Amino acid sequence: MAFYREDYVLVKKKFEEKRNKAKEQALARREYLCEQIPGMRQICDTIESAGPRAYRAALLGREGFDERFAEIRRQTEELVEKQAEILAENGFPKDYFDVKYECPVCRDEGNVDGRMCECMRAELIKAGYVSSGISGLCGRMSFETFDTSYYSGEDRRNAELILDRCRRYAKEFHGKGSGSMIFMGGTGLGKTHMSVAVAKAVVEAGYSVYYRTAEELFADFRAERFRRFDDNSPVRTDRYAECELLVIDDLGTETSGRDVTSFLYSLLNMRINSGMPTLISTNLSHKDMISVYDERIASRLLGEFLPYRFTGTDVRMQKLKE
Ligand SMILES: Nc1ncnc2c1ncn2[C@@H]1O[C@H](COP(=O)(O)OP(=O)(O)O)[C@@H](O)[C@H]1O
Ligand SMILES: [Mg+2]
Ligand SMILES: [Zn+2]
């Protein structure tokens, strides 16, 4: 479980900014009250200097240290009490000077006792929806919204099986070695819906996911190939190789060409050889795959990808009639 590196860097930075802002605001509140209330600055300064004074008291030697220390402590406690009284008298809450962190559990550090705090995990998942490319879809398309009552008879049993297997796939996902799947079948049968549902659950489990339509994928590879030598923009195709789950939607709808076949072959080969899971959805049949790409790709896809055939009647059409 890694999350997407770039999301991690951004979220870390956001937390740091959040922390700094909370501290600045606490300082501003302190400054405000010190300006407003006579004697408050002296009280604050004295309370805050208790640490350094105790340190100096220790440097004076063991002899009389306990008394010196007790005196500092007594004085500080007295001042803290006095400060609280003044705050109350002036109608300010007791914690007015405290740094107000957004997350009291981790104090906006993002981790507690060496473990990632839930607040940071939630933030990374939110970032993951966006960076994976599913944010526009995953509100509507999830396991929860996949409704098997749109299918009837044998088709419903098939849809239930697919839902069950995909849920399990996402639950057991562990990056490398999780296996690859291909969703086949006609238009409107829920292939995209199911792909996004899997992608969403895998993002939520903390993995880096990249969802692209075949059209976008090949456009990226073509752009990468024809990139000018002096163009230093980051290599966008890296993500296709690096993400822990790659989802290619609608394979076969892209503008065809020999380059497409070779991009696809090297990408699939690379991911298969290194055990990186890929999820493909397509309207193509096995025969189409051979004619659109070639035998090598078709046999790669059928040999290495667990196939699920979506059957039934166009759900989009059914929904239009609702
Ligand atoms: N089982 C389902 N339950 C709820 N909505 C579905 C289901 N299957 C498909 N849809 C919806 O119907 C539309 C078409 O489905 P989609 O997944 O895009 O089909 P495909 O990718 O197979 O062409 C989408 O809006 C999708 O959310
Ligand atoms: Mg689709
Ligand atoms: Zn937290």
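So, how was this worked out
- Residues numbered from 1 in each chain as written.
- Chains lettered and ligands numbered in written order.
- Predicted model: local features only at pLDDT ≥ 70, side-chain atom pairs only at ≥ 80, totals over all residues.
- Heavy atoms only, no water.
- Helix = DSSP H or I, 4+ residues; strand = E, 2+ residues; numbered from the N terminus.
- Rg over C-alpha atoms; globule rule 2.2 N^0.38 Å.
- Buried < 20%, exposed > 50% of the residue type's maximum accessible area, 1.4 Å probe, protein only.
- Contact = heavy atoms within 4.5 Å.
- Areas by Shrake-Rupley, 256 points an atom, 1.4 Å probe, with all protein chains shown as cover.
- Lys, Arg positive; Asp, Glu negative; His and termini not counted.
- Charge placed at Lys NZ, Arg CZ, Asp CG, Glu CD.
- Donors = N, O, S within 2.8 Å, 3.2 Å for Na, K, Ca; no water.
- Tetrahedral: all angles 85-135°; square planar, octahedral: opposite > 155°, others 65-115°.
- Salt bridge = Lys/Arg side-chain N within 4 Å of Asp/Glu carboxyl O.
- Pairing = 2+ DSSP bridges.
- Right-handed = clockwise from strand over helix to strand, strands pointing away.
- Domains from an automatic or database assignment.
- Core = buried A, V, L, I, M, F, W, Y, C linked by side-chain atoms within 4.5 Å.
- Phe/Tyr/Trp six-rings, centres within 6.5 Å; stacked < 30°, edge-to-face > 60°.
- Lys NZ or Arg CZ within 6 Å of the ring centre and 35° of its normal.

Asker: Kindly report on the overall build of the chain, identifying the contributing residues and their values.
Answerer: Of regular secondary structure, the chain possesses 13 helices and seven strands. In terms of overall size, the chain is more extended than a compact globule, its C-alpha atoms giving a radius of gyration of 30 Å where 322 residues would be expected to give roughly 20 Å. By its C-alpha atoms, the chain is 90 × 55 × 35 Å across when sized along the principal axes. Within the chain, buried positions represent 42% of all 322 residues. The contacts in the chain between residues at least 6 apart in sequence include a share of 77% that link residues at least 24 apart. Carbon and sulfur atoms form 52% of the exposed surface of the chain, whose accessible area is close to 18,500 Å². Of the charged side chains in the chain, 50 are positive and 53 negative, and the gap between their average positions amounts to 3 Å.

Asker: Can you explain the coordination of the zinc ion (ligand 3)? Please cite residues and give values.
Answerer: In ideal tetrahedral geometry, four donors around a metal make angles of 109.5 degrees, whereas ideal octahedral geometry with six donors gives angles of 90 or 180 degrees. Looking at the zinc ion (ligand 3), the protein donor atoms are Cys-103 (SG), Cys-106 (SG), Cys-117 (SG) and Cys-119 (SG), and they sit 2.3 Å from it. Considering all four donor atoms around the zinc ion (ligand 3), the spread of angles at the metal, 102 to 116°, places the coordination shape in the tetrahedral class. Of note, the donors binding the zinc ion (ligand 3) are all from one chain and are spaced C-x2-C-x10-C-x1-C. Since its relative accessible area comes to 10%, Cys-103 is described here as buried. Relative accessible area serves as the criterion here: at 2%, Cys-106 is assigned to the buried category.

Asker: Quick rundown of the pattern of salt bridges? Include the residues and the values.
Answerer: Tallied over the entire structure, the rule returns 22 salt bridges. Here Arg-73 and Glu-77 are joined by a salt bridge, their closest N and O atoms 3.5 Å apart. Residue Arg-73 and its partner Glu-77 are located together in helix α4 (residues 65–89), separated by four residues, close to a single helical turn. Residue classification places Glu-77 among the partly exposed positions, given a relative accessible area of 46%. A salt bridge links Asp-220 to Arg-212, with the shortest nitrogen-to-oxygen separation between them at 2.8 Å. Several salt bridges converge on common partners, so that one network encompasses Lys-14, Glu-123 and Lys-126.

Asker: Outline the pairing of strand β6 (residues 278–282), supporting the account with residue identities and numerical values.
Answerer: Side-chain positions along a regular strand alternate between the two faces of the sheet. In terms of burial, β6 is largely enclosed, as five of its five residues are buried. Here β6 shows a buried face lined by Thr-278, Ile-280 and Thr-282 and a second buried face lined by Leu-279 and Ser-281. By the bridge criterion, four bridges tie strand β3 (residues 180–184) to β6 in an arrangement that is parallel. If you follow Phe-183 over to β6, its bridge partner there is Ser-281. As paired elements, strand β5 (residues 245–251) and β6 share four bridges and run parallel to each other. Each bridged residue has a counterpart across the sheet, and for Leu-251 the counterpart in β6 is Thr-282. With respect to chirality, the unit in which β5 leads through helix α10 (residues 258–273) into the neighbouring parallel β6 is right-handed.

Asker: Before we move on, could you go through the domain arrangement of the chain and cite the residues and values that matter?
Answerer: As far as domains go, the chain holds domain 1 (25–109) and domain 2 (133–321). A straight line from the C-alpha centre of domain 1 to that of domain 2 covers 59 Å.

Asker: Any details on the nonpolar core? Residues and values, ideally.
Answerer: Across soluble globular proteins, nonpolar side chains have a tendency to be buried as a group. The biggest cluster of nonpolar side chains holds 40 residues, and the ones touching the most others in it are Met-194 and Leu-245. Element by element, the count of residues in this core is highest for helix α7 (residues 191–204), at seven residues. Setting aside chain neighbours within four positions, we find Leu-245 in contact with Tyr-169, Phe-173, Val-198, Ala-199, Val-202, Ser-208, Val-209, Tyr-210, Arg-271, Pro-277, Thr-278 and Leu-279. Formed by 26 residues, the second largest nonpolar core is a distinct cluster that contains Ile-182, Met-184, Cys-243 and Phe-305.

Asker: Hey, could you go over the packing of aromatic side chains for me, with residue numbers and the actual values?
Answerer: Under the definition given, this model contains 11 aromatic pairs. Measuring from ring centre to ring centre gives 5.1 Å for Phe-221 and Tyr-240, while their planes differ by 45°; the resulting arrangement is tilted. Of the two residues, Phe-221 is situated in helix α8 (residues 214–225) and Tyr-240 in helix α9 (residues 238–242); the sequence distance between them amounts to 19 residues. Since its relative accessible area comes to 12%, Phe-221 is described here as buried. Residue Tyr-240 is classed as buried on the basis of its relative accessible area, which comes to 0%. Seen in terms of ring centroids, Phe-221 and Phe-263 are 5.2 Å apart; in terms of plane orientation they differ by 35°. Their pairing is tilted. With Phe-221 in helix α8 and Phe-263 in helix α10, this pair connects stretches of sequence that are 42 residues apart. Residue Phe-221 shares its accessibility class with Phe-263, and that shared class is buried. Across from the ring centre of Tyr-96, 5.9 Å away, lies the NZ or CZ of Arg-29, which sits over that ring. For the cation-ring pair, Arg-296 lies above Tyr-265, with the distance from its terminal atom to the ring centre recorded as 3.7 Å.

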